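# Breakdown of the fold
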Amino acid sequence: MAWKYGNVVLKVNKAWKDDDNTQHPRQWVRWSADRKSAMGVSWEDDTVLGAFDDFYYYGWNSDGDALLPKPLAGLKSNKVTEAKQTSASLLSQTDWYVTRKTEANTAIPAEITAYRIAVRTNYTSLKTAINNASNIDELIACYET
């Protein structure tokens, strides 16, 4: 948000010159709205740019018409690591069945085995999709259902 004269941003309590080279006092901010308007001074709100996912983008470019993407290789590496950690966390909840099978030869219930296979299969599929993504839109699509 700023006071402007044409394309020039005016600073509060600082004198300024117009196009005719007329010097205006530093108290210009005290002028009435009508006088400011007559002198070509206007208030301009900041441009509100759309929301973006700061995992994938640094922010908007200076023109505000395009997002600045983060490097794809780093994003893919982070997503694979995240998927691996999630899978490990999910598997850790049933690791005790595997330990019990190893130590006491107690059978692992079929639904636990199926669950563990599904977690590993989903991790492999997601990792492949992440690694095959050739741009950020394709990487984002890996997480859409």
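See the structure printed just above.
Residues numbered from 1 in each chain as written. Predicted model: local features only at pLDDT ≥ 70, side-chain atom pairs only at ≥ 80, totals over all residues. Heavy atoms only, no water.

## A few points about the overall build of the protein chain
Selection rule: Numbering of helices and strands starts at the N terminus; helices are DSSP runs of H or I of at least 4 residues and strands are runs of E of at least 2. Our radius of gyration looks at C-alpha atoms and nothing else; its globule reference is 2.2 Å times the residue count to the power 0.38. Working definition: with a 1.4 Å probe on protein chains only, accessible area under 20% of the residue-type maximum means buried, over 50% means exposed, and in between means partly exposed. In this description, contact between two residues means that some pair of their heavy atoms is separated by no more than 4.5 Å. In these tables, accessible area is a Shrake-Rupley quantity obtained with a 1.4 Å probe, and a residue counts as shielded only by the protein chains included in the view.
Of the regular secondary structure elements, the protein chain holds five helices and seven strands. Along the protein chain, helices (α) and strands (β) appear in the sequence β-β-β-β-α-β-β-β-α-α-α-α when read from the amino end. Computed over C-alpha atoms, the radius of gyration of the protein chain comes to 30 Å, more than 25% over the 15 Å expected from 2.2 N^0.38 for 145 residues, which places it beyond the range of a compact globule. Projecting the C-alpha coordinates of the protein chain onto the three principal axes gives extents of approximately 95 × 30 × 20 Å. Looking at the protein chain residue by residue over its 145 residues, the buried ones come to 21%. Across the protein chain, every contact between residues at least 6 apart in sequence was considered, and the portion connecting residues at least 24 apart equals 40%. By element, 51% of the accessible surface of the protein chain is carried by carbon and sulfur atoms, the whole surface being about 10200 Å².

## Looking at the nonpolar core
Note the threshold: By nonpolar core we mean a set of buried residues, namely Ala, Val, Leu, Ile, Met, Phe, Trp, Tyr and Cys, connected to one another through side-chain atoms within 4.5 Å.
Ranked by size, the top nonpolar core spans ten residues in total: Y56, Y57, L75, V80, A83, Y123, I130, A133, I136 and L139. For this core, the elements supplying multiple residues, two or more each, are α2 (72-92), α4 (110-132) and α5 (136-141). Counting residues per element, this core draws most heavily on α2, at three residues. Apart from the residues lying within four places of it in its own chain, the contact partners of I130 are K76, K79, V80, L139, C142 and Y143. Counting six residues, the second-largest nonpolar core is a separate cluster that includes Y5, L10, W16 and V41.

## Brief notes about unusual backbone geometry
Residues other than glycine seldom take positive phi values, yet N21 does so here, at roughly 70 degrees. Examined against the element boundaries, N21 turns out to sit in the loop between β3 (16-17) and β4 (23-24). Classification of N21 by relative accessible area gives exposed; the value is 55%. Despite not being glycine, N105 shows a phi value in the positive range, around 55 degrees. Turning to its location among the elements, N105 is positioned in the loop between α3 (95-104) and α4.

## Comments concerning the side chain of S87
Here S87 lies in helix α2. Beyond its immediate chain neighbours, meaning those up to four positions away, S87 contacts V119 and Y123.

## Things to note about the environment of R26
Mapped onto the elements, R26 comes out in the loop between β4 and α1 (33-38). Each residue touching R26, except ones within four places of it in the same chain, is listed here: N13, K14 and A15.

## A few points about the sheet that holds strand β1 (residues 2-5)
The cut-off we apply is this: Paired strands are those between which DSSP finds at least two bridges. The axes used here are C-alpha line fits, helices contributing only the stretch in contact, and every angle between their N-to-C directions lies in the interval 0 to 180 degrees.
On the basis of which strands lie adjacent, the open sheet formed by three strands has the order β2-β1-β5 and antiparallel pairing. Both outer strands of the open sheet, β2 (8-10) and β5 (41-44), are each paired with one neighbouring strand and no more. Averaged over all neighbouring strand pairs, the angle between strand axes comes to 45 degrees, with direction disregarded. Pairing geometry for β1 and β5, over four bridges, is antiparallel. Bridge pairing links Y5 to V41 in β5.

## Comments concerning the pairing of β1
Across three bridges, β1 lies against β2 in antiparallel orientation. When the bridges of β2 are listed, Y5 appears paired with V8. Turn length for the β1-β2 hairpin, with the two strands adjacent in sequence and antiparallel, is two residues, and the turn residue G6 shows positive phi of about 65 degrees.

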